Structures are given as C-alpha cells and as structure tokens.
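Chain by chain, the residues:
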Protein chains: 4
Amino acid sequence: MSKMKVAVIGCGTIASNAHIKAYAANPNAEIKYFCDILKEKADMAVTEYGGGEAIEDYHVILGDPEVEAVSICTPNHLHSSISIDCLRAGKHVLCEKPAARTYAEALEMQKVQHETGKVLNIGVVNRFNKGVNIIKEMIDNGDLGELYHVYISFRAQRSIPGLGGAFTTKSIAGGGVLIDWGVHFLDIVMYCSGDPQPRTVSGQAYSKLGRDMKNYAFLNMWAGPPKYSGTYDVDDFVTGLIRTEGPTISLNGAWAQNIGVEEMYIDFLGDKAGIRLQYGADFKIYSAQNGILLETAAKYKAGDMFQNEIDSFIDCIRTGEKLPSHIDTVILSSKIIQAIYDSSEQRSEIVISE
Amino acid sequence: MSKMKVAVIGCGTIASNAHIKAYAANPNAEIKYFCDILKEKADMAVTEYGGGEAIEDYHVILGDPEVEAVSICTPNHLHSSISIDCLRAGKHVLCEKPAARTYAEALEMQKVQHETGKVLNIGVVNRFNKGVNIIKEMIDNGDLGELYHVYISFRAQRSIPGLGGAFTTKSIAGGGVLIDWGVHFLDIVMYCSGDPQPRTVSGQAYSKLGRDMKNYAFLNMWAGPPKYSGTYDVDDFVTGLIRTEGPTISLNGAWAQNIGVEEMYIDFLGDKAGIRLQYGADFKIYSAQNGILLETAAKYKAGDMFQNEIDSFIDCIRTGEKLPSHIDTVILSSKIIQAIYDSSEQRSEIVISE
Amino acid sequence: MSKMKVAVIGCGTIASNAHIKAYAANPNAEIKYFCDILKEKADMAVTEYGGGEAIEDYHVILGDPEVEAVSICTPNHLHSSISIDCLRAGKHVLCEKPAARTYAEALEMQKVQHETGKVLNIGVVNRFNKGVNIIKEMIDNGDLGELYHVYISFRAQRSIPGLGGAFTTKSIAGGGVLIDWGVHFLDIVMYCSGDPQPRTVSGQAYSKLGRDMKNYAFLNMWAGPPKYSGTYDVDDFVTGLIRTEGPTISLNGAWAQNIGVEEMYIDFLGDKAGIRLQYGADFKIYSAQNGILLETAAKYKAGDMFQNEIDSFIDCIRTGEKLPSHIDTVILSSKIIQAIYDSSEQRSEIVISE
Amino acid sequence: MSKMKVAVIGCGTIASNAHIKAYAANPNAEIKYFCDILKEKADMAVTEYGGGEAIEDYHVILGDPEVEAVSICTPNHLHSSISIDCLRAGKHVLCEKPAARTYAEALEMQKVQHETGKVLNIGVVNRFNKGVNIIKEMIDNGDLGELYHVYISFRAQRSIPGLGGAFTTKSIAGGGVLIDWGVHFLDIVMYCSGDPQPRTVSGQAYSKLGRDMKNYAFLNMWAGPPKYSGTYDVDDFVTGLIRTEGPTISLNGAWAQNIGVEEMYIDFLGDKAGIRLQYGADFKIYSAQNGILLETAAKYKAGDMFQNEIDSFIDCIRTGEKLPSHIDTVILSSKIIQAIYDSSEQRSEIVISE
C-alpha cells in the first residue's frame, strides 16, 4: 500500500513541534506540501522534514487530487474557512483546536462535514493522552461512583502569549485564555465524563492584566515577544459554572492574575472516589476503604499523544472509524465556550434547551 | 460605671470557647445567666466562668430587666425566634452565625431589630480579625486596583461535623457546608469588598459523602461522634457563581470530598495586585513593579478576634455605633446563601432585582 | 466491678510516657504501687498519676494479694528475674521489651509462665499499632501475593542513647542497637508475616562509633547525657540475614554510622504488591494493574498504641484471651536476636533445627 | 609505531556504545574485524566505525596473526569458550563482564590465561571510573578509619532487560540481577576495599516478578522488547551477606520489586568516616570533627571510564602491566557470586576455606 499524501497548512509552532514530527514517524503517511503565507516558514518545514514542497497558497493543495488529508495549523480565524474549503475539495481534515472562533463558525464546519462525508477531526489532543484515557476508563467503570462535580483550574500568574499578536486579538483568535487553554481543560472533562449535554452555562470573562500592555510585567512570554503596537482585546481571566446532564462543572482560568501560584489541574469528584489530574502530567486517586483514606499515584508509559492523534487520524481515514475527536463530539465544548462568552456579555446565565 | 449584665443562651462549644472567655476578659461586662436546655451544660459554664446562674429556660432572662445584652449560641433553628424574643424584651443581641436557617427568618429578625431599635449583631467574627481588616483597608485604599474577581475555596477531605446530629439535620441547621463554613468565607469577601449588592446567583449543592452514614470513612470528627440513627440531609459540597455590583465571586466548598488536599483560602484578584488569604491564618500579596513580580507576606499581631467582637458589642451598646456585623449588613450574605440553595433546587440562576 | 489493682515497677521514661498514662486512662485499672529503687522517681510518678503509693522494694508488691497485674519497666537485666518473681507470686505481667537480655533468660520466663498459668506479655507495642495491623491484614488476605522477602533498615547517623549508661552496658542491656531497636523492627516483621519459624540466622554486630566515647560526636542524645566514666561494650551497627519458613529477612541497623541519611523502614516484598512502612509513621503500597504501576498512601486514625496495649492487657486478664504479645510468640524473635549475636561471635551462620 | 590490530566479537549494545567508540578514539589501535553471528550487526558496526571487515565466524580472527587483541562482547554463555580460544590462538583478551556464567567456567579461563601468558582482563569498567578510584584511594589512605561494613543496594522497581531473551535465560546469561548488575556493584566494593578474600557467603535469590511474563507490568524495557514466547528462569531479586577478611558486605538487589523507590548505591562504613556512592553518579563523605558532623560532596571531572578501560588494555599489552581488571583479581567476585547462587539453592551459608 502506498503512503497517503498529506499537506500541512500553517507552519508555526504547533505544526513544527507536533504535526510534522508525527507525520514523519508515521509509516503510512508522507507530507507533500507545507503551506504558509510566510514562505520562509514553509521552507524551514521542508528542511526540517527533509522533503515535500513549500507553498504559500493553500489552493494548490485543494487542486491536487493526490493529497488525501490536511492538517490545519493556522491561527484560529482561518480554521473554519480553510477546513470548509478542504472538505469541499474532498480532503480529510485534522484542524487544530479550537474548532473555530465562534460556535456559529464551528456549526458551519460541522454542516459541511455532514454534506461531504469527509473526516473532520479537531486537535483535542488530550483525547489521545494515556493518563486521560485511564481516567475516562475508571469513570466509565464506575470506579468513582457517581461523578457529581468537576472543578477546572487553569490559572497562571503570567502567561499571556504573544502580547499584541494573533493570540490576543479577538478578531483572529476568537478569545483569550478560555478559548486557548480552557478548550483543552473543558475537552478533557467532556471526554472523561461521556460528553454530556450542557443545560445551563454562566460565566464571566475579564480582560485586565494585558490591557495596559506597556505595564504588563512578565518573566517569559511564549509565542512572544510582545508587539506593543498590536491589539489586546481578549480575556485573561474567566470564571464559569456549567450544569450538564452529567456533573456540574466550575472553572477558573487565568493567562495572567495577581496570584503567584500556578494551579493547572482538574478535580473529578465522585461519591466513591475522586481524581486530581495535573494538566500534562500525572494524577492521584483518592478513595476510602474500611475507614482508611487512600491516596494512589499511578505510573504508566505516557506515550506521545500527538503521535497517537496523527496515527489515529491516518488510520481512521482508511478504516472509517469515528474518532472521539470528531467535530460531532467537539461541537459541544464549542457550544459551551460560546455560551460562557455570551453569558459574560449579558451578565446572566444561558439556558440551553434540549 | 457598673458592669453590664449579660446572658448567654446555649452553652455549647462556641459559647464556651469564645463568648464566655471573652466576656470574662471584658472589664465592663458580667454574665448573670447561663442558659441551656441541658442543665449540666449550663452548670459547667457557671463552673468555668466562676459565677452566674445556670438556668434551663431563657424566658427567665427575658423577664429580668437587669440583663441588657444577650449572646445567642444555640443551634441555628433557634437563632431567629430567640433573637426576636430578646429584642422584643428590650435586650441587645449578639447572635451567632449564620443569622438564621433561611433568608426569610433573617428578614424577620431584621424587621424586629428595626422596630425595637435594639442592637442585633451577627457573629461574623472575621470582621473583627486583624488580617481581614488589613486586607479590607488595602482594597479600600485601591492598593489592589480594581477588584474584579474573588475565588473562595473551603474544601476539606473529611470534616463533616457531628454526622447525624444538629449540624447535619436540615430542619435544625438550615444547611450544611455552605451555611456553616461558607457563611464565614462569603462574609469576609462581602466585608472586604464593601458589602456589594448581589445581582445574579447560581449554585449547586450536593449531599453525597455523608449520605451513606455507615460507610463514611473519616479520621477525626469535630462536633462528633457520629449518631448513625440520626439524620443527614444537608450539603457536603457546594459550587457557586455570584455576580455583584462589585467583583464576581466563584466558590467551591466541601465538608467532605474525595480529593485529599485541604484548600481553605480566598483569592482577591485585582488588576494592580492580588491577595491569597489562608483562612484563619496569614496572607500573601502579589503585585508587580518595574517588570518585577513581587510576593509579599505580611506579619502582624493577630489579636483575638472573638475578644474584639465581644468588646465591640459591649462598647457599641453604650456608644450607639453601628458595627460592620449589624444585621443590616449581614442580611446580604444571608440573601446570597438562600439564593444558592434556591438556585440549586431550580437548577438555574437566580436574578436579584435592584 | 471494682477496678483491678496494678503496680508499675521501674518508673523511668517508658513508664511515665506510656504505661502510667495508659493505666490512668483505663477505666478498669488503678495503680496501687509505683516502685523504683530511686525513691524520687517513684514519688514523681505518684504526683503525676495523682494517687498510689511510692515504694523502693518490689517485694512489697509480691506480698500484696490485692495487686493482680504488674508492668515491668526496669532496665533489661531485671526483666527476667522480676517477671519470674511476679508470676510466681501470682501476678499477671506486662514486661517491657526486650523480653530479656538473652534467649536463655527469655526461655526461663516462658517456662515459669507455663508453670504458673499467669499472663506474661511483652511490650512489643507495635502489635497494637493500627498501621501495622492494616499491613498484617493485607498480607493475611493475600493482597501482597507471596511475601518472599523483607528488608529491615533501622539506621541513624547519631542516636546512641545514654552513652556509658545502662543502654550501652552489655551486662545490663544485653546488647545495643539490635536488642533495643532491632527487637521492634523484627517483631513487626514476625507479626505481619505470621510469626514464621526461623531456619538459618547469620549476622555480624559491630561496636565501633561509641567505643571511643570521648570522641563520639553527636547533636542530641536520648536517655543522655553521656557518662564518660561508664561502659560502652554493645553493638552500634548490625547486619543480618535470616531464612524462615516464610520470607527471608535481611537487615541493617545502626545507632550510629558515618552515613548521614536516616533510614528507618521495613520493606515487605510480595510478588503481587509491596509495602514500605516508615517506622512509627505511615506506609505506601506499591502494586500494578493493567500495565499501570500504582503507589498508594493510606491515611487512618492511628490511635494510641500504648493505650491499646494496656487496655488489651487488662482485658485479657479478665477474658483469658491470648494476645499476640504473649511470651509464646515473642520468644521467637528473642531466639533470632540471640542467634544473630551468636553468629556474630562465631562468624558463621546458625542453623535452627525444626 | 604501527597501530595494534584488534577485533570485536559480538556487536550488540555494549560493543557499539562502549568498545567500538573507545577503540576509535584510541590512537594506537585499529579494529580489523567486527564479528557477529548476525551479519547485519557486524555490517552496522563497520558503518559506524568507518572501516574494518564484517565477519560471522570468529575463527577467522583466530587464524589471522595480525590481530593482537580481542574484545569479547557476546552473551555470557560464550565468554569462557571464546576467551579460551582466543588466548590459545595467542590473542590478548578483554572480555565483558561477568567473566562467565559460573565460577567453574571462570576458573577455566584463568587457567588458560596462566598457561598462555596472554592478557585476560574482564570488563569491570568501574575500576576505571574516576569517582571509584577516589574512594579507593581514600580507603587506602585510611581516611575512613577501619572499613567494617559495606551495604550494597541495587534495587529498581521495573528494570528487567529483554524479558524472555538472552538476559533472562539462565543457560545463556548464567543468572539475572545478581550476575548482571550485582557483578558491577560487588566489583566496586572488592576493588575499593583491596580485593579481600571471602570467608562466608549466604544469599537467597528469587525469580518472582518476571516469571508470569504476560502480567509483568513495566514502563520501559532496556534490551527489550519482551519475547513472551521466550524463557524467564533467572533471579530478579537477591539478598546476601558476605564475610571477608576485610569488611562484611550485605546486599539487596532487584531488577524488579514492588517498592517504588530506586535505590542504587553503595555505603562504605568506616569508623572514622563513611561514603555513600550513588552508582554511576556522585558520592558523599560523612565524617565528624570536633563534635561537628560533616557531609562533604566531591566534584571532579569524571572522564569516560570505557575510554580509560580500552586505553589501559591497549597500553598494558605493550607494557606488561597487570591491571586491576585482570582475571586473577576478578576471579574473586566470580567466586562470591557463585557462592550466593549455591547458598540460595542449599538454603544455607557457604564457608570458603582459606
């Protein structure tokens, strides 16, 4: 069987650190095109990969029937339109998270997926994380008893990315810490608790510490350096409370806050046991037995979740299997995030009818 | 000037550990009556105090014109009726927290306070805590800039008090962890942020880990031991989101949860600085200056907040000063707590009109 | 039922910190005599307890028919003779650990116990420790699978007690770190693994760091201060290897060593799971499930093991129950300790015939 | 002077990572043959080295008079026969550790060395380690005072190599964790303490966690992956106690155990000072002076011990110097390891006559 030809659109950090490496290690795929509007980024990707063609215009990909699959790694504002173009051109798509800037855009993507029947997966890569899957299995098995509440904390003191750039410009990114970090945390919760339907969503998002760009003190800046002439109109703090058909979910998130403790974790509260998952790291299980309180740490071979994601993407195209990262599942968290932003604007709870 | 005669109604732990000790140390007050329906508790209080009379029926106090002031330290279900009886009998009242089981009961107390003009203070003792007052002052001075959000965490792994007793019986206590612990945390937030009017309140309260009393594993139990033949119908976990005229407030609280980390703190998030207050202990201030992130710990002589509370109560009767613990202020957190319970029942947000 | 009259012979640290406190808290026992050859120690005990009579000669106890039970808390060299005298005088005996200086002495005690039928328990107090009992239960239940090896580490950098005093004088104490600390560690292992018969014992004991008393550097000294004119002829380091009908046991122990890491723990190695017990503290369980390695910490209400020991002693006199601390069980570790000392002298393994 | 021609027999990991690299960096040696029964391994070695000839049959080497020296890097079961063949063919030999599967095989090798007079060194590479040599020097200088005991810990939670392969098959490897890891640890102790004669050896070896191959949980596997159809009949845990003319030695070792703490170190206990050497890493010296306890860490340029080993081997052929890795020295640890296995089988101590 010949290797599947794929293309990567957008050759920034996430493409280089994750997608390209993983395609390179996949025996059934071969990258034919590296596309970026900044030609030098595409060129660097070719060098890194040791092959493929660097292009600036993704329409070349649309017109090449040999390309079966596409990774979309552009800024958020292009996710929807490029995904739709690719699907309509008969390509299978793996689009980076978040699905889109808004729920409306995500719905449009889902609609076109349904029309074309091509794969549309979103880069909710934690669904391919070993630890997350162990937790999901434990919850499915009833090891936690009834999962009644989940608390999500994604709070850092100073982590605004690329102040003044694409990440902090609402018309490009769609939002700030909620859409960029929150999407991962929320997605883990949705996945582990069985993707329950949301019922009510209330939240409040604040744009505070990055606003006065010149006076934003920081030690390091990812996706930096700051562009002081740029825009900062996204949320750097968010709080929320969500009722679902399953557990309630409360959350606090901060790209920046004047509290100097980094708290990046998810608490799954069940009536038999509970789990605290440190994001991107390990977890602890808390339970009780015969009057003894137990605290259990698990060690396991984590594997490379990006590799799993890409391998699964390539496989599912061949097998037709519907992955947990399919737009039909991920659309739910897009709905919730939109509702948090809407609730924040209206300063009142959004009720989601069944 | 002769000493003011006071009476203590309810001679349990809070009376013995706080009120009686503080009256004993106050040079202007003298306890004339110790009242408890369990005579031996009243007797023990007399012995402890070294004076006064032990009685079983608080109507004795109502009928004694010499008594000017009363501390009410009974279980919650008697707060309202006894406070009202005392006020109508012309006594000044310091009633332990929470004001009452329900907002309706608290409103009734406030009404009678207004009618009688006698003092009615509630035992929100943290308003007499040195550290809390330092924080309030900093916020008032603008040291934190705009205070936009407060997060309240009052979460313990196993701390249900007196399982099956008064604390866990809704008809007596009015509720569980929210009304017992949450009232203190929420009150600190209200006090420090200027007692802002609430606008929307959403919350969900769960009664999970204590429900199956026999299988509730614990290491120690305050207000214990368990009465397995008793009742457990109160909340042991609560989450909430409150919008006010000032900051938004999010909260998670647990008397019991399957997470083995005790997190008892309040985060005040301002755009210039923030503070994490460890409940009942110290606090840290986080700020930034010239690109440097600062973490400041404050040391101060804490004093005895219960002593301050009692001393202020006695003083205010003489001076006519309205204390921050007056029912007119505390009524707000009673309203919020009621709204959280109501929201939990309705599974939707409560909007509070202006 | 009237309270049982007991006597305490030897009023040093272990009597004062453990036995007397525990008798005081036991509702069924009352101390009639406190005996010590140093009268002031006995007097202090009377004051501490608030009653009883201080005596210097334990024969008073032997002659008082009202005394039913005796705690023997003297230095080791008197354990055997006083226990035997008490048994013969019709008293039940709880003798502090080690049973005696030598196996021969311990055998003599056992013989008299058999002749008189009175209780003779040894102060192997860890058999009344909650954590130890949880471990024993897990092993009995097969949770560890086959328990094939146990490693015992009781190593401190500088902890020689009372240099030059009773603890370091072989004719009084019978030995050093092995008989004083090792007896506790070995006893826990014997208890948890079902008191298996020893088959071979090899060991080597060294008297090194305390020998040159003047130059022994230390930070603190328990049972101190040093008596430089005294004797130091006991082991401060010991190593050993024991084969039993159950697991093999290896051990290293040091009252003093030139390694600056304190390692006080027991490793139970099973083929399904293992446990590391930190002496006097908590333990961790290590297991595997579905390719995941698990590390579990247990929290439990520890209780007071000395209280349990005394309460069980008093109860067993009434009920006739044979406790796990009976001389018939403890004689085994006495045999092993003797064999280690013998092996050390002969520089070869001791084979114990069945 | 022309370069010495050498050959490498066995082109697996240790050849590739150590021997070949070191010969390449040695100005006086040149590899003429790379021999492996798997031709592709030999070919890869040629490519890696950039020269030499790949062969499958080591008799080619025996018959080539130009080859002066040979490195033997085969599995253990071929060490003895190939070393002997090489010595008899007039070659100098550096044979990887362990010398052989059994003491009998090692003795045979030594015999032939004596007959032929050719060099026979064993790959006890730690004798060429800088840190180990510093410790040896300190002990030789008397810095530790009398070295009375050494404790060896080589314990890992999950480190069985190549489950089911050559490492875990007794007929190939001769044993498990004792012969593979223990040989290195024991050799360091022998070297540092002056290669003292053993007097008694007792030990017990267990084959437990790897036995049920399918259910062996692990995170990573060196020399892997597992061959579930292969053999597992070697020790994964060992304990031992050795008396020598110098210090006593106790040891615990595990390729796999249900204790989740990796403890890979050697404790040298002297009466003046002690040293804990972390295997393959740094060491700390513990001493006392004027009542002060000192903990000293040593920093030094470690160098490459494999390079030192190879350089010394080449040099000693020219100079005739007898290296500390000579079979005459290493034979002692072979004797001890054999005695531990024998003792384990007999379940009693082995006495070694002088």
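Scroll up a little and you will see the structure.
Residues numbered from 1 in each chain as written. Chains lettered and ligands numbered in written order. Predicted model: local features only at pLDDT ≥ 70, side-chain atom pairs only at ≥ 80, totals over all residues. Heavy atoms only, no water.

(A) Representation of the overall build of chain A. Across its full length, chain A carries 10 helices and 15 strands. Against the compact-globule benchmark of 20 Å for 354 residues, chain A has a radius of gyration of 20 Å, which places it among compact chains. For chain A, the C-alpha atoms occupy an extent of roughly 65 × 50 × 40 Å along the three principal directions. Counting the 354 residues in chain A, one finds 62% classified as buried. For chain A, restricting intrachain contacts to residue pairs at least 6 apart in sequence, the fraction spanning at least 24 positions comes to 73%. Approximately 12800 Å² of chain A is accessible, and the part contributed by carbon and sulfur atoms is 50%. Of note, chain A has its 33 positive side-chain charges centred 2 Å away from the centre of its 44 negative side-chain charges. (Helix = DSSP H or I, 4+ residues; strand = E, 2+ residues; numbered from the N terminus. Rg over C-alpha atoms; globule rule 2.2 N^0.38 Å. Buried < 20%, exposed > 50% of the residue type's maximum accessible area, 1.4 Å probe, protein only. Contact = heavy atoms within 4.5 Å. Areas by Shrake-Rupley, 256 points an atom, 1.4 Å probe, with all protein chains shown as cover. Lys, Arg positive; Asp, Glu negative; His and termini not counted. Charge placed at Lys NZ, Arg CZ, Asp CG, Glu CD.)

(B) Highlighting the nonpolar core. Counting residues in each nonpolar core, the largest one holds 66 residues, and the members touching the most others are I152, F154, F268 and F283 of chain C. Counting residues per element, this core draws most heavily on helix α8 (residues 177-192) of chain C, which supplies 12 residues. With residues near it in sequence (within four places) discarded, F283 of chain C still touches G131, I134, I135, I275, R276, L277, T296, A297, A298 and Y300 of chain C. Listed in part, the 65 residues of the second largest apolar core include F154, I160, Y206 and A339 of chain A. (Core = buried A, V, L, I, M, F, W, Y, C linked by side-chain atoms within 4.5 Å.)

(C) Structural view of the sheet that holds strand β2 (residues 29-35) of chain A. All names here are of chain A. Ordered by their spatial adjacency, 6 strands build an open sheet running β3-β2-β1-β4-β5-β6, and the pairing between neighbours is parallel. On the outer flanks of this sheet lie β3 (53-55) and β6 (120-122), each paired with one strand and no other. Each adjacent strand pair in this sheet contributes to an overall mean axis angle of 25°, direction not counted. Direction of pairing for strand β5 (residues 92-95) relative to β6: parallel, over a ladder of 3 bridges. Bridge assignment links L94 to a residue of β6, and that residue is N121. (Pairing = 2+ DSSP bridges. Axes fitted to C-alpha atoms, helices over the stretch in contact; angles between N-to-C directions.)

(D) Summary view of the relation of the copies chain A and chain B. For the pair chain A and chain B, the best superposition has an RMSD of 0.1 Å and corresponds to a rotation of 180° with a translation of 0.0 Å parallel to the axis. Both copies of the chain, as the preceding transformation shows, are related through a two-fold rotation axis. (Least-squares fit on C-alpha atoms with pLDDT ≥ 70 in both.)

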